[in-house]
Amino acid sequence: MSLTQKFFDLNNGNQIPSISIIGTGTRWFKRPGSEHTFSDELVEQIKYALSLPGIIHIDAAECYGTYPELAKALKESSKPRSEIFITDKYSTQTKFTNDPIEGLNTGLKTLGLDYVDLYLIHSPFFDPEFKGSLTLEKVWKDMETLYKEGKAKSIGVSNFSVKNIEEILKIAGIKPQVNQIEFNAFLQNQTPGIVNYCQKNNIQLEAYSPLGPLQKRPENSNELPFYNYIDELASKYGKTDSQILLNWVYNRGILPITTSSKTQRIIDAQNIFSFNLTKDEVDTLTKLGLEQPALRIYWTNFYDKYNSEAQAS
Ligand SMILES: NC(=O)C1=CN([C@@H]2O[C@H](COP(=O)(O)OP(=O)(O)OC[C@H]3O[C@@H](n4cnc5c(N)ncnc54)[C@H](OP(=O)(O)O)[C@@H]3O)[C@@H](O)[C@H]2O)C=CC1
């Protein structure tokens, strides 16, 4: 079966592969300060992804503790750099590096790279214990410097609200290309109005934890119309439940970022463009998803206060 790949156009003219099939956080994440063991399993999983045809989009971050595994996999892979799309993120919450310039330079050196394809500010939340008086404005200016130097081909943000983005736009010479947020059928707005705002302002949204409804499947799921409908679509198209949900995210104009410890699920994620949900099916999934209570897995301390507004289209 030949591979169909899709790309989103970013506001700076660059293209981005429309799914990231191997995130290196979540199940692979190593808590800073804890006893870290090198994960051969992650190396094998990234190498497996890199052995697949087409452009492979990897999602990484300074705070995941998984640069060593990514570095090894990149070194041992024969895929040309031009067929690898790497996203990295600067952490405003950890003590690893002082600012994005130091952060990206350290990341590039550790990973053996000259540039990343996309560099993001991981969150708008600064831990003053580690970041002193670092401000959002200063961090964005550093991101712009890295962009102009060609070390980051595109730049953006993650977990930003409308207010956070507007703060940046006041001082920005370069508009963010991407906002990576938590998004799934049970969390259709991480923060109030963020999806509409980014889509209107040509800031590409990325969805992490797009499979939240499967990760946290309720015990009574077989009684819920949402899950029955996914099963119906999965059997109509001969696809898995995960593929249906990832295709739905794509059809909402949002780039899904997934990961798996299973090779078959990595292949399945790459093959979500071999079929396409109809507009009615996309709308029905949106509607049935909105009937469920908000499911937020990350950044809960900051954003649980928005749960009642998170399930608005
Ligand atoms: N910017 C940010 O703040 C954040 C960014 N991220 C990024 O996004 C990436 C992906 O996030 P993640 O939440 O893992 O993405 P997903 O929602 O795609 O979840 C992937 C997980 O779901 C499991 N899964 C897949 N299919 C099923 C199924 N049918 N039933 C039950 N479980 C299933 C997988 O398990 P299995 O291994 O068994 O296949 C895997 O652990 C991260 O690795 C990271 O790179 C994530 C969180 C925050």
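Residues numbered from 1 in each chain as written. Predicted model: local features only at pLDDT ≥ 70, side-chain atom pairs only at ≥ 80, totals over all residues. Heavy atoms only, no water.

- Taking an unreviewed UniProt entry as the reference, the protein is identified by name as NADP-dependent oxidoreductase domain-containing protein belonging to Vanderwaltozyma polyspora.
- Regarding the protein, the UniProt comment filed under Sequence similarities (unreviewed entry) reads as follows: "Belongs to the aldo/keto reductase family." (UniProt positions renumbered as here; feature names shortened; annotations may be inferred.)

**Some words on the packing of helix H2 (residues 67-76) against helix H3 (residues 100-111)**
Link 1 in the chain: Closest axis-to-axis distance for the H2/H3 pair is 8 Å, and the angle between their directions is 45°. Put simply, H2 runs oblique to H3. Counted together, Tyr67, Leu70, Ala71 and Leu74 of H2 and Gly107, Thr110 and Leu111 of H3 form the full contact between these two elements.
Link 2 in the chain: Looking at side-chain class alone, the contact of H2 with H3 contains five nonpolar, two polar and no charged residues. (Axes fitted to C-alpha atoms, helices over the stretch in contact; angles between N-to-C directions. Helix = DSSP H or I, 4+ residues; strand = E, 2+ residues; numbered from the N terminus. Parallel < 35°, antiparallel > 145°, perpendicular 65-115°, else oblique. Contact = heavy atoms within 4.5 Å. Nonpolar A, V, L, I, M, F, W, Y, C, P; charged D, E, K, R; others polar.)

**Here we look at the packing of aromatic side chains**
Link 1 in the chain: For the structure on display, the rule yields 14 aromatic pairs.
Link 2 in the chain: Relative to Tyr227, the ring of Phe186 has its centre 6.0 Å away and its plane inclined at 75°; by these criteria the two rings are edge-to-face. Here Tyr227 lies in helix H9 (residues 225-237) and Phe186 lies in the loop between strand S8 (178-182) and helix H7 (194-200), a separation of 41 residues in the sequence. This pair shows no difference in class: Phe186 is buried, exactly as Tyr227 is.
Link 3 in the chain: Here the guanidinium or amino end of Arg27 rests over the ring plane of Trp28, the centre of that ring lying 5.5 Å away.
Link 4 in the chain: It is Lys153 that lies over the ring of Tyr115; its NZ or CZ is 4.7 Å from the centre. (Phe/Tyr/Trp six-rings, centres within 6.5 Å; stacked < 30°, edge-to-face > 60°. Buried < 20%, exposed > 50% of the residue type's maximum accessible area, 1.4 Å probe, protein only. Lys NZ or Arg CZ within 6 Å of the ring centre and 35° of its normal.)

**Re the nonpolar core**
Link 1 in the chain: In this structure, Ile21, Ile58, Tyr119, Phe226 and Leu285 are the most contacted members of the largest nonpolar core, which totals 86 residues.
Link 2 in the chain: If sequence neighbours within four positions are ignored, Leu285 has contacts with Phe226, Tyr229, Ile230, Leu233, Ile244, Trp248 and Leu277. (Core = buried A, V, L, I, M, F, W, Y, C linked by side-chain atoms within 4.5 Å.)

**Focus on the sheet that holds strand S6 (residues 118-121)**
Link 1 in the chain: Reading across the sheet, the eight strands line up as S3-S4-S5-S6-S7-S8-S9-S10 and stay open at both edges, with parallel pairing between neighbours. In this open sheet, the two edge strands, each paired with only one partner strand, are strand S3 (22-23) and strand S10 (255-257).
Link 2 in the chain: Its contacts with the sheet put helix H1 (residues 40-51) on S3, strand S4 (56-59) and strand S5 (84-90), and the angle it makes with S4 is roughly 155°. (Pairing = 2+ DSSP bridges.)

**Regarding the site of the ligand**
Link 1 in the chain: Around the ligand sit 29 residues in total, of which Asp59, Thr258, Ser260, Lys262 and Arg265 are the nearest.
Link 2 in the chain: Interatomic distance of 3.1 Å between a backbone N/O atom of Gly25 and an oxygen atom of the ligand.
Link 3 in the chain: One of the side-chain N or O atoms of Thr258 is found 2.5 Å from an oxygen atom in the ligand.
Link 4 in the chain: Protein chains bury 88% of the 920 Å² of accessible surface belonging to the ligand in isolation.
Link 5 in the chain: For the shell around the ligand, the element with the highest residue contribution is helix H8 (residues 212-215), accounting for three residues.
Link 6 in the chain: Across the shell around the ligand, the residue classes tally to eight nonpolar, 16 polar and five charged. (Near = heavy atom within 4 Å. Polar contact = N/O pair within 3.5 Å; in protein donor to acceptor, adjacent residues only side chain to side chain. Areas by Shrake-Rupley, 256 points an atom, 1.4 Å probe, with all protein chains shown as cover.)

**Structural notes on the pairing of strand S7 (residues 155-158)**
Link 1 in the chain: A two-sided burial pattern is seen for S7, the buried positions comprising Ile155 and Val157 on one face and Gly156 and Ser158 on the other.
Link 2 in the chain: By the bridge criterion, three bridges tie S6 to S7 in an arrangement that is parallel. Among the inter-strand pairings, Ile121 is bridged to a residue of S7, identified as Val157.
Link 3 in the chain: Bridge count between S7 and S8: three bridges; the pairing is parallel. Its bridge partner lying in S8, Val157 is registered against Asn179.

**Remarks on helix H11 (residues 263-270)**
Link 1 in the chain: For H11, the full list of buried residues reads Ile266, Asp268, Ala269 and Gln270.
Link 2 in the chain: Looking at the buried residues of H11, the elements they touch are S3, H1, S4 and helix H10 (241-251).

**Remarks on the UniProt feature "site: Lowers pKa of active site Tyr" (unreviewed entry) in the protein**
Link 1 in the chain: When the UniProt feature table is mapped onto this chain, "site: Lowers pKa of active site Tyr" (unreviewed entry) is found at Lys89.
Link 2 in the chain: Within the secondary structure, Lys89 is located in strand S5.
Link 3 in the chain: Beyond its immediate stretch of four places on either side in the chain, Lys89 contacts Asp59, Ala60, Ala61, Glu62, Tyr64, Tyr119, Leu120, His122 and Gln180.

**A short note on the pairing of S4**
Link 1 in the chain: What you see with S4 is no split at all: Ile56 and Ile58 on one side and His57 and Asp59 on the other are buried throughout.
Link 2 in the chain: Since S3 and S4 lie parallel, the crossover through H1 that links them has a hand, and here it is right-handed.
Link 3 in the chain: Bridge analysis of S4 against S5 gives four bridges, and the strand direction is parallel. Counted as the bridge partner of Asp59 is Thr87 from S5.
Link 4 in the chain: The handedness of the S4 to S5 crossover, carried by H2, is right-handed. (Right-handed = clockwise from strand over helix to strand, strands pointing away.)

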